[in-house]
Amino acid sequence: MKVAVLGAGAWGTALAGLLATRHDTLLWARDGALIQSLSQAYENTRYLPDVALPRALSFDADFSRALTHAAADDALCVVATPVAGLRALCRVMRDTGVVPAHIVWLCKGFEADTQCLPNEVVAAELPAHRSNGTLSGPSFAREVGQGLPVALTVASASVELGARTVAAFHHGAMRIYTGDDVIGVEVGGAVKNVLAIATGISDGLGLGLNARAALITRGLAEMSRLGVALGGCAETFTGLTGLGDLVLTATGDLSRNRTVGKQLATGQSLDEILAALGHVAEGVRCARAVLGLAQSRGIEMPITQTVCRVLFDNLAPRDVVQALLSRAAKTE
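- An unreviewed UniProt entry annotates the chain as Glycerol-3-phosphate dehydrogenase [NAD(P)+] originating from Candidatus Burkholderia pumila.

**Comments concerning the overall build of the chain**
Now for step 1: The helix and strand inventory of the chain stands at 15 helices and eight strands.
Now for step 2: Taken along the three principal axes of its C-alpha coordinates, the chain extends 60 × 40 × 35 Å.
Now for step 3: Here the chain holds 332 residues, and 54% of them are scored as buried.
Now for step 4: Considering only contacts in the chain between residues 6 or more positions apart, those separated by 24 or more positions represent 71%.
Now for step 5: Across the chain, 28 positive and 30 negative side-chain charges occur, with their mean positions spaced 2 Å apart.

**Here we look at the side chain of K108**
Now for step 1: Tracing the backbone through its elements, the reader meets K108 in the loop between β5 (103-105) and α5 (118-125).
Now for step 2: Within polar-contact distance, the side chain of K108 engages the backbone oxygen of G137 at 2.9 Å.
Now for step 3: Here D245 takes part through its side chain, which lies 2.7 Å from a polar atom of the side chain of K108.
Now for step 4: The contact partners of K108, leaving out residues within four places of it in the chain, are V83, S136, G137, S139, G189, A190, K192, N193, D245 and E282.

**Topic: the sheet that holds β5**
Now for step 1: Ordered in space as β3-β2-β1-β4-β5-β6-β7-β8, the eight strands form an open sheet in which the pairing is mixed. Strand pairing shows two members of the sheet lacking a second neighbour, β3 (58-60) and β8 (174-179), which therefore form its edges. Each adjacent strand pair in this sheet contributes to an overall mean axis angle of 25°, direction not counted.
Now for step 2: Strands in contact with helix α8 (residues 182-204) are β5, β6 (132-136) and β7 (150-155); relative to β6, the strand with the most contacts, it is inclined by about 40°.

**Considerations on helix α1 (residues 10-19)**
Now for step 1: With respect to burial, α1 is a largely interior element, ten of its ten residues being buried.
Now for step 2: Among the residues making up α1, those that are buried are A10, W11, G12, T13, A14, L15, A16, G17, L18 and L19.

**Points about the UniProt feature "binding site: NADPH" (unreviewed entry) in the chain**
Now for step 1: Per the UniProt record, the feature "binding site: NADPH" (unreviewed entry) sits at W11, R30, Y47, K108, A141, R256, V280 and E282. For this annotated set, covering 272 residues, the C-alpha atoms extend up to 23.2 Å from each other, a dispersed arrangement in space.
Now for step 2: Structurally, W11 is set in helix α1.

**Brief notes about the environment of R212**
Now for step 1: Of note, R212 is situated in helix α9 (residues 209-229).
Now for step 2: The class for R212 is buried, based on a relative accessible area of 19%.
Now for step 3: The sequence separation of R212 and A250 amounts to 38 residues, and the corresponding C-alpha distance is 8.4 Å.
Now for step 4: Beyond its immediate sequence surroundings of up to four residues, R212 is in contact with T199, S202, D203, T251 and R258.

**Topic: the environment of P54**
Now for step 1: Tracing the chain through its elements places P54 in the loop between α2 (32-41) and β3.
Now for step 2: For P54, a relative accessible area of 21% gives the class partly exposed.
Now for step 3: Each C-alpha atom of the pair P54 and T21 lies 6.9 Å from the other, and the pair is 33 residues apart in sequence.
Now for step 4: For P54, the residues in contact, after removing those within four places along its chain, are G17, A20 and Y42.

Conventions and cut-offs
Residues numbered from 1 in each chain as written. Predicted model: local features only at pLDDT ≥ 70, side-chain atom pairs only at ≥ 80, totals over all residues. Heavy atoms only, no water. Helix = DSSP H or I, 4+ residues; strand = E, 2+ residues; numbered from the N terminus. Buried < 20%, exposed > 50% of the residue type's maximum accessible area, 1.4 Å probe, protein only. Contact = heavy atoms within 4.5 Å. Lys, Arg positive; Asp, Glu negative; His and termini not counted. Charge placed at Lys NZ, Arg CZ, Asp CG, Glu CD. Polar contact = N/O pair within 3.5 Å; in protein donor to acceptor, adjacent residues only side chain to side chain. Pairing = 2+ DSSP bridges. Axes fitted to C-alpha atoms, helices over the stretch in contact; angles between N-to-C directions. UniProt positions renumbered as here; feature names shortened; annotations may be inferred.

Take a look at the structure:
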């Protein structure tokens, strides 16, 4: 099939490379210099260095051509922009009048200003569109680019979108599961990034593996409480897009959010960390939204609150961890 991947960050690039081994795949980025570099080197030296891309993959900085490539009923559009860019991208689709028939997005997080999940953003900007959904799960772009095994879940109310996504991605070392709990999958993908910052802080402070296990377990409880309150299914949070993604992001050395937490523990400022990172750390972007949603619904999320205090109130990580440990005993 024809597939357009919109966004040439690390994840979009890795998936475009995998797709191009079987499908007519176009990778779009708004940065013309990046597209020129990709076309010449068949490597994303900026976001995914040392991972070779197949010669069958094509590149384009023209958004209209990218949309047209994926506009047909038998094509697929893969949106690989961050959450912060999703609304603007949907508006351009709407305004140009070229809206792909089938859209699956990869972004994980809440929109910072509105507290909207990605599916809510798409529904607001493309209200008549029906064949869409989210592709998520425990995955590092570098490992996918290297052809290592990975399992993901596509969640959608559209059976056709699920089937088309499986047809596009389910081959080689990638396994795709299907489901319809879009809210649960998206909440898991968002909250795990905030929790990974917490485990990074713990590891950076040298608090040990016991503390890490406790944070992951109690963090999963926070994620589940919020997800169910927002309309997700409890079972989703024990699957790939809940527990699976949380374990990977909270423990893997390739995790940007965990890296942020570890560096915060050394006393670096958030601005310094983000400037040096060179990639988006969605946990930082959506932490306030997660906490705001929890507070508006009366849901306790003490780990998330602790992360926000470190990120935005300039409190010392060791002090807020001590406050977290000093909480009154409760039943599990």
